[in-house]
Amino acid sequence: MNEKKISADILNKYQLPKREQVDKLLAEEAEKSSLKIIVLDDDPTGVQTVHDVSVYTDWSVESMREGFAEKNKLFFVLTNSRGFTEEETIKAHREIVNNVEIAASEANMKYCIMNRSDSTLRGHFPLETRIVKEEMEKRNSWKVDGEILCPYFKEGGRFTLNNVHYVKYGDELVPAGQTEFAKDETFGYTSSNLCEVRKESEAGGIIVVGSHTAKTTAQLNELKNISDITFIELNSDLVLEEGKLEEETKRVLGMIQDLIRKGTTVCVSTKRALLK
């Protein structure tokens, strides 16, 4: 979290490989490979930059069959899951792997799944890749060897140096955790080092306890035995005072956002007393 801004001149130290040579080597390896590559794209802005490949807007078994029947080695599936809740993205990715597995088995083909997300680290990571890994391993005898995290977008000035992700502003490279992208209300973060970003993304979460009943109060009290959760009480009694509940809601939301950005799991509850 203590990364500093650096001069963009550092990029000149890295010699880029010749594009033609890379394309040639990639084409040769693709020709030798029997893998079908499925790219799961969580936002429409990504698929707008590709061409000569199919983009499926659903992940039905029928669509996956079509993808495996294509001559191309690769096809995209637009999940749009950046706009999903955690529960929705878990459900969607389980369905995707299940349907891919059905199509792959029928075509007698091996496959590889890639997740494309935001180059400034916003999205359901590492949740989505974890679900994909778990679901693939359930259905196969092999295990996933590892995971490669590669955030990069040259045209947008997004680079990673020594595990730190930067966004280029003018002549400077600014650590991503210090940019406006890191203040995203849904996927905010504070770290710029990719190792720390992953831990931060895994740790943060929110638990909401609403109705005042004996059961939910007992569940809340049980939760309080877990030391890694920060508890916030919303003063719901302020509903009786004009304008006060809105102020209280803003206060609590601000606290929640700050804590989640730091990777803290938060439990929010209303007051446990009945209004009379």
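Everything quoted here is computed from the prediction, not taken from an experiment.

Colleague: Account for the sheet that holds strand 4 (residues 74-78), naming residues and giving values.
Modeller: Whenever strands of a sheet pair, they do so through backbone hydrogen bonds, lying parallel or antiparallel. On the basis of which strands lie adjacent, the open sheet formed by 4 strands has the order 3-4-2-5 and parallel pairing. The open sheet is flanked by strand 3 (55-56) and strand 5 (111-116), the only strands paired with a single partner. Note: strand 2 (residues 36-41) against strand 5, 6 bridges, orientation parallel. When the bridges of strand 5 are listed, Ile37 appears paired with Cys112. Across the face of the sheet, helix 3 (residues 61-69) comes into contact with strand 2, strand 3, strand 4 and strand 5 while running at roughly 160° to strand 4.

Colleague: Kindly report on the packing of aromatic side chains, identifying the contributing residues and their values.
Modeller: Considering all chains together, one arrives at 3 aromatic pairs under this definition. Residues Tyr56 and Phe75 carry aromatic rings whose centres are separated by 5.4 Å and whose planes lie at 85° to one another, so their mutual orientation is edge-to-face. Here Tyr56, found in strand 3, pairs with Phe75, found in strand 4; they are 19 residues apart in sequence, far enough to count as distant. Accessibility expressed as a relative area gives 0% for Phe75, which makes it buried.

Colleague: Explain the pattern of salt bridges residue by residue, including any values.
Modeller: Enumeration over the complete set of coordinates arrives at 17 salt bridges. A salt bridge links Asp23 to Arg19; its shortest N-O distance comes to 3.4 Å. Pair noted here: Asp23 and Arg19 are both in helix 1 (residues 19-32), with a separation of 4 residues, about one helical turn. Judged by its relative accessible area of 38%, Asp23 is partly exposed.

Colleague: Quick rundown of the state of the cysteines? Include the residues and the values.
Modeller: Inspection of the entire model under this criterion finds 0 disulfides. There is no disulfide at Cys112, and the cysteine sulfur nearest it, in Cys150, is 14 Å away.

Colleague: Tell me about unusual backbone geometry, residues and numbers included.
Modeller: Here Phe125 and Pro126 are connected by a cis peptide whose omega angle stands at 5°. By secondary structure assignment, the location of Pro126 is in the loop between strand 5 and helix 5 (127-139). Positive phi, normally seen in glycine, also occurs at Leu121, with a value near 75°. With respect to the secondary-structure elements, Leu121 resides in the loop between strand 5 and helix 5.

Conventions used here
- Residues numbered from 1 in each chain as written.
- Predicted model: local features only at pLDDT ≥ 70, side-chain atom pairs only at ≥ 80, totals over all residues.
- Heavy atoms only, no water.
- Pairing = 2+ DSSP bridges.
- Helix = DSSP H or I, 4+ residues; strand = E, 2+ residues; numbered from the N terminus.
- Contact = heavy atoms within 4.5 Å.
- Axes fitted to C-alpha atoms, helices over the stretch in contact; angles between N-to-C directions.
- Phe/Tyr/Trp six-rings, centres within 6.5 Å; stacked < 30°, edge-to-face > 60°.
- Buried < 20%, exposed > 50% of the residue type's maximum accessible area, 1.4 Å probe, protein only.
- Salt bridge = Lys/Arg side-chain N within 4 Å of Asp/Glu carboxyl O.
- Disulfide = S-S within 2.5 Å.

Remember that the coordinates give geometry; whether it matters functionally is a separate question.
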